[in-house]
Each structure stands twice: as structure tokens, then as C-alpha cells.
Amino acid sequence: MTKAELHEKAKMLPLLPGVYIIRDKRDEIIYIGKAKRLRTRVSQYFREGVPHDAKVTQMIEHAFNFDVIVCQSEFEALVLEASQIKAHTPKYNILLKDDKGYSYVKITKEEYPRISAALQKEEDGAEYIGPFTSSFAVRQMVETAQDAFLLPRCNRRFPQEIGKGRPCLNAHIGKCMALCSGKISKETYNEAVQGAIRLIRYGKKDIVKTLEQRMEEAAERLDFEQAALLRDQIAAIKKVSAGQKVVVDESTQMDVIAFAGAGQNSCAAILRYRTGRLTDKRELLFRGTADLDALREEFLPRYYLDGEEIPKVIAVDVLPESHEALTQLLEKTRGTKVQLYVPQRGDTAKLVSMAYTNAVERLARESGRTDRSQRLLDEAAAVLGLPEPPAVIESYDISNWGEGTSVCGMVVFENGRPKKSGYRRFKMRTVAGTDDFASMAEALSRRAAEYEKGTAGQFSVLPSVILLDGGKGQVRAGKGALAGTALAAVPLFGMVKDDHHRTRAIVTADGGEIAISMHRNIFTFISSIQDEVHRFSIAYQRQNQKKKAYASSLTAIPGVGPATAKALLAHFKSVGAVREAGVDELTNARGVGQKAAQTIYDYFHPQTED
């Protein structure tokens, strides 16, 4: 249907509350919304001359038809909208996902361990505590533990630099034990690290009591340096605890939310207060969304009905239009009364202002990054001969272990930055042996097929350019695989390295080369893409090898074949968990009966004769 036809259809809708479902030409749901008056809301989308932000404009361009579900009340429409969005995750509804992902506390495995915040787990032998959904909370935990136990946070290497150079400023102001001075034993340092880990894991509940006892013992054996260090740690913990000021009443559970917009981008900032203290901060960015009223209307129910904890109090900068129905729904979900309001004065009003400032600052930082990224993409378009800057770049790399199996990693750079939610992996299905060219062809064929059949997520996005890790052979294979598909017109290039494994040039679809060493920014950018796709594909290959190793250790059990081993790993996630499982737990794995479960249990728990 044309836009005019959709407008005529919308004019026939009732002035009643309900949910509207907009579909594209493939009959896929691309947007779901609710309305107090269906006719008024839906007509606005298709009426000529009505201004919309970039995201809504794009949605309207793809709209081909719509359905509506009339409801008895605005509350009923809100409930239905939330359930439908969760079920279908339409493309043009807002995504409530920030760019932080999960965070961890990392403890290195070395002679003098270090504690730090990490955004992802690496296969580096370190111990990781987590995952935590809040990087803010993780940073606070690490900083508190470092302050409390006077741990170093400098870049000095230990034990290599112990006794070399003078202690830094942190040692002079009492924030570091000065391990570099050579006066702190390894045992004392490691005890402090273990204390910091206990503080992170369990809080300060029993830490001070334990440290005071150890201080007294050190004093009794005349180890005054150790006693002084423990005294300083106790004082630091008490100081850190005192420094965590209560800013609202200790019994208050409250979220403070404010929205800000700049150009075609908007941001929601959420400050979470529990037991009177700020425990988390989140900033969610929405690109192409400039209508703050519409964003509030959609954001608040989505945020709290998608698994977030609903507090007793939610202070906002502006109430959404359907705030009464939303309050009713929040109370029903939480099971107790919820106060959703705009504070007019006092401390809470100042907190809302602080949330707004955080949203504005995030947009300012984003604007700076966007400007730099845009200049970089403009330069990339000029160097590669593209008609416009590449908004979405996909890159592919083949990895194999030499024993006949290959995998392919696909990474995505959107607006010049990695989009990790778009990363995908392919395990070869048709290629025998380690044929990189055939493997690349299979991966790209499957990518094109996913796009053509309308698979949701990243596969539904048409890339601006495709970069392959490799030279003329990979480009030739990729070009042949995409010929005749919906991705045939996407510009395709190869990335070749020199003898030192550094990106040397770009290979064009016709086999020519574009030197990029003279273009410093592009050289760095392309190198980062090549390094990222290589890292991602290697990590996938190692993961597969590890699974195979785990599976082979299980197939050593009498009666356990590859299928049963795979089912056990899928259910328990690790061989260690299988080892710890009881007979009844083992029978919960698919295909494992009582007899097989007993055999597996006996294998890991052999009976010894007296």
C-alpha cells in the first residue's frame, strides 16, 4: 500500500485505545505502538507534511500495511504493547541496550596479583569475578578495594621494579602501601590482595574484625611494620565507608531518570539509589530518535517490564502521557505501591537535574566521537572509491586448526565503531579439509541466504562494504559466492598483510591493489578491523577445540559416545560440572538414562577397597 492509501485506512480507525502493528512488504513486523486514540496516532504517521525524526521517517518509508488491536483501556493497551514488543522485537522499536555489556573484576595470576575492572573475559589465566551488568558498580568495587587495602594501581611491574625508583604520590598521601619501596613482603602484599577480594565478594561485614585481630597478633610478635600496615588498612576501610554518603533516606529505593536530545540523537540517563546511596548509573543512547516525548512514552514501560527491578520511587524529568496507566502497570508488576512523579524542589529535584546533566554530557561525548568517525568514513570512501561513506562494514576471516575443520568469524563496524551485537560465527558445513577459499565462499553464500530469507538481527542489514581477510584468492571466491544474490552489488575488498603481519594494501574486486600506507588514518582503521576479525575467528576456533577436548574426555567413559558427551556438555556447560553432578542430576541431560547416569557417576567417583 502507498502512503496515501495507508493514511486513508488510518482515517477509518476508531478513536479508542489500542495497539497498532506496522508491517513491511515482506509482512514482517517493523514497529509496534500503543495509542490512546488509534485514529489520531496512526494517521499522524502517514499524513503529508507531518515532521518526524530520522528513525520514524525511515520506518514510514518501509511501512506497507498495518493492523490494530482495539483495547478496553489505555492500561490494557500498555500491557498488550509491552508483551507484543517483547515477543517480536521489531526493528524500529527502541533497543534498550547500552554499550557496556557485562563487566568483571579481574585478578591476574602472577607473583604479585593485580585487581582491575574488565569489560570481558579473556583466556589469559586470570581469575574473573562476575559477570556484573553494571560497569559503574564494578569500577566502584575495584576502587573501593584498592583504597581499602592500599593496593598499587600504577603501571610498575613487580617484582622487577621493586626497590627501583621512588614511591609515587599515592604512597605519600597514604593511598598505596608502596610495594615498590621494597619494604613490603610478598606474603603481606598477597594477604592484602586476598582481603580486597573478600571485600569485593562479601562486603566489609567481617573484614575490619579480622584485620584488627591480625594487627594485634602482629603487635604481639613485635612485627610493627605489619601492624602499622594493617592499622592503615583498617583506617582506609572506615574512611571509604564513611565517604559513601547517604544522599537520600536510607530506606528509599529510587530510580532517577532524565532524557536529553541533541540533533538526531537522544539519551536516557538512569541513576539508581538503594539504601540511600548511588549504586549504579546507566546511559542509553538512541540514534536517529529526536522526539523525547515519544521516547519517554516507549522507554519507561519497556525498561521496567524487560526484567529491570522496579523500585518504590521513580523520579523523572517529565511524566509520559500515559503515566497513570504506567503507574498502574508498575504497581501490578511489583506487587506494591509505586510512586512515579516529577519532583519540583528539594534534593530529589537536584538528582533529576544531575541525571539530565549526565545525559547531556554523554551526548556531547557521542557527538565528538561521531564527528571523528564521520571524517574517517569520508576518507575511507575516498580511498576505496565508494559513492558514500560506509555506514555498515562487515569483515570476514577464516580460521582453521589444521586438522580439517574451519570456522569463519564475521565482525561488524557501524559508523566506524565495532558493533559487537552484530558479530556472527560460521562453522563450515560443506567444505572438506582446510580450503580457505571454499570456506570463505560458503560463509558469504550463507550470509547472503540469511539476508534473502529475511532473518532478523544483523543478517537483515545490507552492509555498505565487505572486507575479507586475505588477497586475490579470497576476493575471487567471495565475489563468486555473492554473484546473483541480494549482496552482489555490495563493494567487496580484501585486506592483505606484509611479512610482518601488518596490513599492507586493499585488494579490489578486479584484483588490483590500493596502497593505504600513505593514508595514516585509513591504515590504522583497516588494521583495527583486520585485527578484530582475526581475533574473533581465532577465539571461536579455540572455543571449538576446547569443546572437542572436553567432549573427548567424556567419551573415555564406557558407554558414552560423542552424542551423549555433547548432550552432557550442553546441559552442564563443563566437565567439572558433570563430575560434581549426582545420578539424578545426570539423568536430566538429554539421552542419559538411569543406567548411563550411574556409569558416569561411578567413573568420576570410583569406590576404593578397604
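For clarity, every value in this text was computed on a predicted model and none was experimentally measured.

A. Highlighting the overall build of the protein chain. Assigned secondary structure in the protein chain consists of 19 helices and 19 strands. Taking the principal axes of the C-alpha coordinates as reference, the protein chain spans close to 90 × 70 × 65 Å. For the protein chain, with 610 residues in total, the buried portion stands at 45%. Put simply, of all contacts in the protein chain between residues at least 6 apart along the chain, 61% involve residues at least 24 apart. For the protein chain, the exposed area adds up to about 31600 Å²; of that, 51% sits on carbon and sulfur atoms. Placing the 87 positive and 78 negative side-chain charges of the protein chain at their respective mean positions leaves the two points 1 Å apart.

B. Highlighting the side chain of D397. Among the structural elements, D397 can be located in strand β12 (residues 392-400). In this structure, D397 is buried with no salt-bridge partner, the nearest side chain bearing the opposite charge being K497 at 6.9 Å. Those residues in contact with D397 that lie beyond four places of it in its chain are V407, C408, G409, M440, D469, V533, H534 and S537.

C. How the structure looks around the environment of A391. With respect to the helices and strands, A391 occurs in the loop between α12 (346-384) and β12. Taking relative accessible area as the criterion, A391 reaches 34% and is therefore assigned partly exposed. In this structure, the C-alpha to C-alpha distance between A391 and E414, residues 23 residues apart in sequence, is 5.7 Å. Look past the residues within four positions of A391 in its chain and what remains in contact with it is F413, E414, N415 and S464.

D. Region of interest: the pairing of strand β7 (residues 254-262). Among the 9 residues of β7, 7 are classified as buried, and the element is accordingly described as predominantly covered. Hairpin connection between β7 and strand β8 (residues 265-274): a loop of 2 residues separates the two successive antiparallel strands, and G263 in this loop has a positive phi of roughly 65 degrees.

E. Summary view of helix α13 (residues 436-452). With 17 residues, α13 extends 24 Å between its outermost C-alpha atoms, agreeing within 8% with the 24 Å of an ideal straight helix rising 1.5 Å per residue. Listed as buried for α13 are S439, M440, A441, E442, A443, L444, R446, R447, A448 and Y451. Check the buried side of α13 and you find it contacts β12, β13 (406-414), β15 (424-427), β16 (465-469), α14 (472-482) and β17 (492-497). The positive-phi residue at the C-terminal boundary of α13 is G454, with phi of around 75 degrees.

F. Highlighting the sheet that holds strand β3 (residues 65-70). Taken in spatial order, the 3 strands make up an open sheet running β2-β1-β3, and their pairing is antiparallel. The outermost strands of the open sheet, each flanked by one partner alone, are β2 (29-35) and β3. Here the average twist between neighbouring strands, direction ignored, is 20 degrees. In terms of strand pairing, strand β1 (residues 18-23) meets β2 through 6 bridges, oriented antiparallel. Of the residues in β2, the one forming a bridge with G18 is A35. Against the sheet, helix α2 (residues 38-46) contacts β1, β2 and β3, and its axis sits at roughly 25 degrees relative to β1.

G. Structural view of the pattern of salt bridges. If you walk through the whole model with that rule in mind, you get 18 salt bridges. Between E283 and K281 there is a salt bridge; the shortest N-O distance is 3.3 Å. Judged by relative accessible area, which is 9%, E283 ranks as buried. We classify K281 as partly exposed; its relative accessible area is 23%.

H. Representation of the environment of A456 in the model. Here A456 is to be found in the loop between α13 and β16. Classification of A456 as exposed rests on a relative accessible area of 62%. The spatial distance from the C-alpha of A456 to the C-alpha of K332 is 32 Å, given a sequence separation of 124 residues.

I. Up close: the pairing of β12. With 8 of its 9 residues buried, β12 lies for the most part within the structure. Here 9 bridges tie β12 to β13, and the two strands are oriented antiparallel to one another. By the bridge assignment, I398 is partnered in β13 with C408. Looking at chain direction, β12 and β16 are connected through 4 bridges and run parallel. Of the residues in β16, the one forming a bridge with E394 is I466.

J. Examining helix α3 (residues 54-62) more closely. For α3, the full list of buried residues reads K55, M59 and I60. Along the axis of α3, the buried positions cluster into a sector of 135 degrees, meaning they face one direction only.

K. Spatial organisation of the packing of α13 against α14. Relative orientation of the contacting elements α13 and α14 amounts to 35 degrees, with a least axis distance of 8 Å. Crossing hand, α13 versus α14: right-handed. In contact with D436, F437, M440, A441, L444, S445 and A448 of α13, α14 contributes G473, Q474, A477, G478, A481 and L482.

L. Spotlight on the environment of I162. As for its position among the elements, I162 is in the loop between α5 (135-148) and α6 (169-172). Distance in space between the C-alpha atoms of I162 and I522 is 41 Å, their sequence separation being 360 residues. Beyond its immediate sequence surroundings of up to four residues, I162 is in contact with Y112, L179, C180 and G182.

Cut-offs used in this document
- Residues numbered from 1 in each chain as written.
- Predicted model: local features only at pLDDT ≥ 70, side-chain atom pairs only at ≥ 80, totals over all residues.
- Heavy atoms only, no water.
- Helix = DSSP H or I, 4+ residues; strand = E, 2+ residues; numbered from the N terminus.
- Buried < 20%, exposed > 50% of the residue type's maximum accessible area, 1.4 Å probe, protein only.
- Contact = heavy atoms within 4.5 Å.
- Areas by Shrake-Rupley, 256 points an atom, 1.4 Å probe, with all protein chains shown as cover.
- Lys, Arg positive; Asp, Glu negative; His and termini not counted.
- Charge placed at Lys NZ, Arg CZ, Asp CG, Glu CD.
- Salt bridge = Lys/Arg side-chain N within 4 Å of Asp/Glu carboxyl O.
- Pairing = 2+ DSSP bridges.
- Expected span 1.5 Å × (residues − 1).
- Axes fitted to C-alpha atoms, helices over the stretch in contact; angles between N-to-C directions.
- Arc of directions from axis to C-beta.
- Left-handed = near helix turned anticlockwise from the far one by under 90°.

The analysis is restricted to geometry; functional conclusions fall outside its scope.
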